[in-house]
Amino acid sequence: MTEPRRVEARRAAGTRTAPPGLVWYASYGSNTHMTRLNSYLAGGSPPGGGREYPGCRDARPPLRSLPLELPGRLYFATRSPVWSGGRAFYDDGAPDGVVRARAHLVSAGQFADIAAQEMYRAPGRDLDLAPVLETGRAHLGDGRYETLLYPGEVDGHPVLTFTAPWSRRDVAPVRPSGPYLRHIAEGLFESGAWDLPGIAVYLAECTGGAWTAGEIEALLRR
């Protein structure tokens, strides 16, 4: 088994002399799965998904991918028109929890295009990462994935992700669909850090009991 990495402390505000060329995109939802992520990079529709993605300007795969643990909680809320169930969100305001994620080392431009597609915007414009790298958080809008987070660094590159502007206590939980959970679980499993029974227990807890660990394991073994 591969040992998951943990984020290192954020670089102090004002210590960067130039924008980062490479960033770790920390995926905690279905983009943990490489097949799903490739739909964002190269375009297309992932298995089980109901949306066609335009892809990134740079369609190359990540330079590296590694398992990562983030402080906080994973929860499911709102309703995805792609998966017909709850979406995964990251609540970084729960320091007692741990979120299992997969970090992909991509260019800053690729991260901007992935984020744009999650925000239902057209890819093709770079993001100004200075605000999030200065403060750890930046709001690009009020939408579901329009809040950028900078929880720390790995191997000298900033770890970036996006989530909702609210916390898990502000919204009603929504049961995620089986295909969506399967993408997340298979992505975590292919990272090499966690076994299927442990992943099933973790995701069952994140759904608040909407799925049991046994149901998730059965889903994965079909």
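Cut-offs applied
- Residues numbered from 1 in each chain as written.
- Predicted model: local features only at pLDDT ≥ 70, side-chain atom pairs only at ≥ 80, totals over all residues.
- Heavy atoms only, no water.
- Helix = DSSP H or I, 4+ residues; strand = E, 2+ residues; numbered from the N terminus.
- Contact = heavy atoms within 4.5 Å.
- Salt bridge = Lys/Arg side-chain N within 4 Å of Asp/Glu carboxyl O.
- Buried < 20%, exposed > 50% of the residue type's maximum accessible area, 1.4 Å probe, protein only.
- Axes fitted to C-alpha atoms, helices over the stretch in contact; angles between N-to-C directions.
- Parallel < 35°, antiparallel > 145°, perpendicular 65-115°, else oblique.
- Left-handed = near helix turned anticlockwise from the far one by under 90°.
- Nonpolar A, V, L, I, M, F, W, Y, C, P; charged D, E, K, R; others polar.

Draft legend 1. Summary view of the environment of R11. Mapped onto the fold, R11 is located in the loop between β1 (5-6) and β2 (22-27). When the C-alpha atoms of R11 and E134 are compared, they prove to be 8.7 Å apart, with 123 residues separating the residues in sequence. When sequence neighbours within four positions are dropped, the list of residues in contact with R11 reads R16, Y150, E153 and G156.

Draft legend 2. Representation of the pattern of salt bridges. Counted by the stated rule, this structure contains 15 salt bridges. One salt bridge connects R11 with E153, and the closest N-O pair in it is separated by 3.8 Å. On the criterion of sequence distance, the pair formed by R11 in the loop between β1 and β2 and E153 in strand β8 (residues 147-154) is long-range, its members being 142 residues apart. Residue R11 is classed as partly exposed on the basis of its relative accessible area of 35%. Overall, E153 belongs to the buried group, its relative accessible area being 5%. The partner of E186 in a salt bridge is R182, with the nearest N and O atoms 2.9 Å apart. Here the residue E186 and the residue R182 both occupy positions in helix α4 (residues 178-190), the gap between them amounting to 4 residues, near one helical turn.

Draft legend 3. Looking closely at the packing of helix α5 (residues 196-206) against helix α6 (residues 213-220). α6 packs onto α5 with a crossing angle of 130° between their chain directions and a minimal axis gap of 8 Å. One element, α5, and the other, α6, form an angle in the oblique class. Crossing of α5 over α6 shows right-handed handedness. Note on element contacts: α6 touches α5 through A213, I216, E217 and L220, opposite L196, P197, A200, V201, L203 and A204. Class assignment of the residues belonging to the contact of α5 with α6 gives a composition of 9 nonpolar, no polar and 1 charged.

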